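# Remarks on the overall topology
The residues making up each chain are set out below.
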Amino acid sequence: MGPRLEGPNLFLLILGLVLNSLVLFCHGGRTSSYVRRLEATVDMPLDSDVFRFPPGYNAPQQVHITQGDVEGKAVIVSWVTQEAPGSDAVLYWKENSSKKLKAYGKSKTYKFYNYTSGHIHHCTIRNLEYDTKYYYVVGVGQTEREFYFFTPPEVGPDVPYTFGLIGDLGQSFDSNITLTHYENNPTKGQAVLFVGDFSYADQYPNHDNNRWDSWGRFAERSTAYQPWIWTVGNHELDFAPELGETKPFKPFLNRYRTPYRSSGSTEPFWYSIKRGPAYIIVLASYSAYGKYTPQFKWLEKEFPKVNRTETPWLIVLMHSPWYNSYDYHYMEGETMRVMYEPWFVKYKVDVVFAGHVHAYERSERVSNIAYNVVNGICTPVKDKSAPVYITIGDGGNLEGLATRMTEPQPKYSAFREASFGHAVLSIKNRTHAYYGWHRNQDGYAVKGDTMWFYNRFWHPIDDSPSE
Ligand SMILES: *[C@@H]1O[C@H](CO)[C@@H](O)[C@H](O)[C@H]1NC(C)=O
Ligand SMILES: *[C@@H]1O[C@H](CO)[C@@H](O)[C@H](O)[C@H]1NC(C)=O
Ligand SMILES: *[C@@H]1O[C@H](CO)[C@@H](O)[C@H](O)[C@H]1NC(C)=O
Ligand SMILES: *[C@@H]1O[C@H](CO)[C@@H](O)[C@H](O)[C@H]1NC(C)=O
Ligand SMILES: *[C@@H]1O[C@H](CO)[C@@H](O)[C@H](O)[C@H]1NC(C)=O
Ligand SMILES: [Fe+2]
């Protein structure tokens, strides 16, 4: 039998319910009133313009770059040649310099069920100068293709830097609109923090890995010119025992590189980099993270290494969000939150970006670390040392939008909207960063949600815009 509800007990219960609903309704955040036309999200057909092969014999395709070390002085260049291995070299030079340098990488192919990949090349170029435009050529000696990138400014506290934020991109018509909006945003992103779920090839029969190739060709128009910092999502797992494919992340591991060894990590899925004023920690929602696991031990040592005098901004990327008030993937991030949230508060992480939920949401600065099983304190509370959590899984993949939300809007949720889009974070100096989220239905300059971030170490005053 449960407790009997009469007399004072009943009164207390009713009082409790009334107070509880007052709290919920008085402090809840905003659910955007913007109503998007709901249409099917469909993948672009394989003969679309964005998937075209570059012309020429064995022309390099799917060109993409990422940071190749901790400090930003190395770049990993990756590309695919379809017909033959071709050259493993990258030819590169500084803008206006006649001195051309060459670096050599390696290539290999892989099989997935009955699919065989092209020749996937990876080449790291090192000892680059900061804040410099470099040109580079791949396909040396055959069909040569030329691209360029800019190295970041030297790591330091007051160098401005702008990051783009994209998640769960896929290769639908909406994905193409998201990428187009990112490219045409008047606030120019210099590197993309990508929060996972690339091609969604796993949604096709036999995980048709041709859709990994088409994604690479689609994204090239950005990924060849600025580094994308990769986070793995569940759609990178490609775990398919029914096809005899039992090694998780096989296509991802063959096609994409991360500079994980430079930061002392033992797996490509979790690592850290410094880029200009930011220290970026990338976590793996789909690798073990419990106590004593390699990821846990690495992260435990990682946080104390962050020197906010050198890199004031501490940013964490992960795929599965910890604070999410949509019905989709609700609480999937909970076990990692329970493990790691006390560190995030102790070390004053400025902002956490996640994907997975195909919608947009920004949290208040909240934490939920007081609970110890017996004390019953299990509700998120406002916490000025806590990060803001942003879900940016709204890149536009074929699975469509997440529209159903937990009602009423929980207190921790400051703003939410089920629209496709991207965001940009412009770090101005050690105290201020301006953030804007852009929905795909609006003009390129229009912001659907904005916030001035105040750095948690240098300027830890309340920056919550809903106050
Ligand atoms: C390279 O040359 C162009 C044209 O002469 C000039 O505008 C640019 O500033 C030069 N860049 C560097 C880094 O010297
Ligand atoms: C792989 O197998 C599927 C059916 O199982 C078939 O439709 C497809 O043509 C095969 N692809 C290759 C490259 O053999
Ligand atoms: C994708 O977007 C680009 C740039 O806006 C456009 O040129 C291209 O036609 C689009 N392709 C498709 C298939 O929508
Ligand atoms: C932190 O970084 C600053 C600036 O680079 C440096 O002067 C200082 O020695 C570093 N502190 C530690 C503990 O390494
Ligand atoms: C930092 O940037 C903000 C926003 O641009 C500006 O208001 C502030 O004065 C800057 N701080 C310093 C020390 O320059
Ligand atoms: Fe996901």
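Please read these numbers as outputs of a predicted model, since none were measured by experiment. (Residues numbered from 1 in each chain as written. Chains lettered and ligands numbered in written order. Predicted model: local features only at pLDDT ≥ 70, side-chain atom pairs only at ≥ 80, totals over all residues. Heavy atoms only, no water.)

Put simply, a metal with four donors set out as a tetrahedron has ideal angles of 109.5 degrees, and one with six donors set out as an octahedron has ideal angles of 90 or 180 degrees. The iron ion (ligand 6) binds to the protein through Asp197 (OD), Asn234 (OD1), His319 (NE2) and His356 (ND1); the donor distances cover 2.1 to 2.3 Å. Classification of the site at the iron ion (ligand 6) as irregular follows from its four donor atoms and the range of 85 to 171° in their angles at the metal. Taken in sequence order, the residues that donate to the iron ion (ligand 6) follow the motif D-x36-N-x84-H-x36-H. One end of the pair, Asn234, is in the loop between β14 (228-230) and α4 (250-255); the other, His356, is in the loop between β18 (351-354) and β19 (360-363), and 122 residues separate them in sequence. According to the relative accessible area criterion, Asn234 is partly exposed, its value standing at 22%. (Donors = N, O, S within 2.8 Å, 3.2 Å for Na, K, Ca; no water. Tetrahedral: all angles 85-135°; square planar, octahedral: opposite > 155°, others 65-115°. Helix = DSSP H or I, 4+ residues; strand = E, 2+ residues; numbered from the N terminus. Buried < 20%, exposed > 50% of the residue type's maximum accessible area, 1.4 Å probe, protein only.)

Moving on, we come to the sheet that holds strand β15 (residues 271-275). The strand order β1-β23-β19-β22-β18-β17-β16-β15 describes an open sheet built from eight strands, whose pairing is mixed. Strands at the two margins of the open sheet, each flanked by one partner only, are β1 (30-31) and β15. Here strand β16 (residues 278-282) runs beside strand β17 (residues 313-317); their pairing, made up of five bridges, is parallel. Across the sheet, the residue bridging to Tyr279 is Leu314, located in β17. Taken strand by strand, helix α5 (residues 294-305) contacts β15, β16 and β17, and its axis lies near 175° from that of β16. (Pairing = 2+ DSSP bridges. Contact = heavy atoms within 4.5 Å. Axes fitted to C-alpha atoms, helices over the stretch in contact; angles between N-to-C directions.)

Sequence positions flagged by UniProt for "domain: Purple acid phosphatase C-terminal" (unreviewed entry) are, in local numbering, residues 386-443. In residues 386-443, helix accounts for 0% and strand for 43%; the two terminal C-alpha atoms are 33 Å from one another. (UniProt positions renumbered as here; feature names shortened; annotations may be inferred.)

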